[in-house]
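Results of the structural survey
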Amino acid sequence: QVQLVESGGGLVQAGGSLRLSCALSGRTFSSYDMGWFRQAPGKEREFVAAITWSGGRTHLADSVKGRFTISRDNAKNTVYLQMNSPKPEDTAVYYCAARLLGGIATFHYQYPYWGQGTQVTVSS
């Protein structure tokens, strides 16, 4: 059973930085491509970033390119989302997701495993 636990959310000022972490347990982490999504109140869940099992390929949504970075440490079974220069519009619950090897995926239905989410609030 795959379990995902996010951490690192909280309140951050616009222009600051925040790093989210997501730990996978129950299966071999390096067998999974990983993604980050977010959902703001009243809005649909949207893609933020994805990374392949080795970290060799990444993809970011246009809205966060140049500000956010996705990375992973397979020795620690953890994927990260580094949020630099966040904006108030980045405020949302952030979810990590996992899928068995299949390459970069940007649609939420492509991921069968999800964490419980962590709240990120960016103040202006």
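Rules of the game
Residues numbered from 1 in each chain as written. Predicted model: local features only at pLDDT ≥ 70, side-chain atom pairs only at ≥ 80, totals over all residues. Heavy atoms only, no water. Core = buried A, V, L, I, M, F, W, Y, C linked by side-chain atoms within 4.5 Å. Buried < 20%, exposed > 50% of the residue type's maximum accessible area, 1.4 Å probe, protein only. Helix = DSSP H or I, 4+ residues; strand = E, 2+ residues; numbered from the N terminus. Contact = heavy atoms within 4.5 Å. Lys, Arg positive; Asp, Glu negative; His and termini not counted. Salt bridge = Lys/Arg side-chain N within 4 Å of Asp/Glu carboxyl O. Polar contact = N/O pair within 3.5 Å; in protein donor to acceptor, adjacent residues only side chain to side chain. Disulfide = S-S within 2.5 Å.

Topic: the nonpolar core
If you look at the biggest cluster of nonpolar residues, it comprises 35 residues, and the most contacted ones within it are Met34, Trp36, Leu81 and Tyr94. Put simply, the parts of the chain that give this core at least two residues each are β3 (17-25), β4 (32-39), β5 (46-51), β7 (68-73), β8 (78-84), β9 (92-100) and β11 (118-123). Those residues within four positions of Tyr94 in sequence are excluded, and the remaining contacts are Glu6, Leu20, Trp36, Phe37, Arg38, Val48, Phe68, Leu81, Met83, Gly117, Thr118 and Val120.

Some words on the side chain of Arg99
Position of Arg99 among the secondary structure elements: in strand β9. Asp33 is the oppositely charged side chain nearest to the buried, salt-bridge-free Arg99, at an N-O distance of 4.2 Å. Polar contacts involving the side chain of Arg99 include one to the main-chain carbonyl oxygen of Gly102, which spans 3.5 Å. Once you skip the residues sitting within four places of it in the chain, Arg99 turns out to touch Ser31, Tyr32, Asp33, Ile104, Ala105, Gln110, Tyr111 and Pro112.

Observations concerning the state of the cysteines
In total, this model carries 1 disulfide according to the counting rule given. Disulfide partner of Cys22: Cys96, at an S-S distance of 1.9 Å. You can see Cys22 sitting in strand β3 and its partner Cys96 sitting in strand β9, a full 74 residues away along the chain. Note on Cys22: relative accessible area 0%, which makes it buried.

Things to note about the environment of Val64
As for its placement among the helices and strands, Val64 is situated in the loop between β6 (58-60) and β7. The exposure class assigned to Val64 is buried, which follows from its relative accessible area of 0%. Taking the C-alpha atoms as reference points, Val64 and Ser17, separated by 47 residues in sequence, lie 13 Å from one another.

Scope: geometric values only; no functional claims are made or implied.
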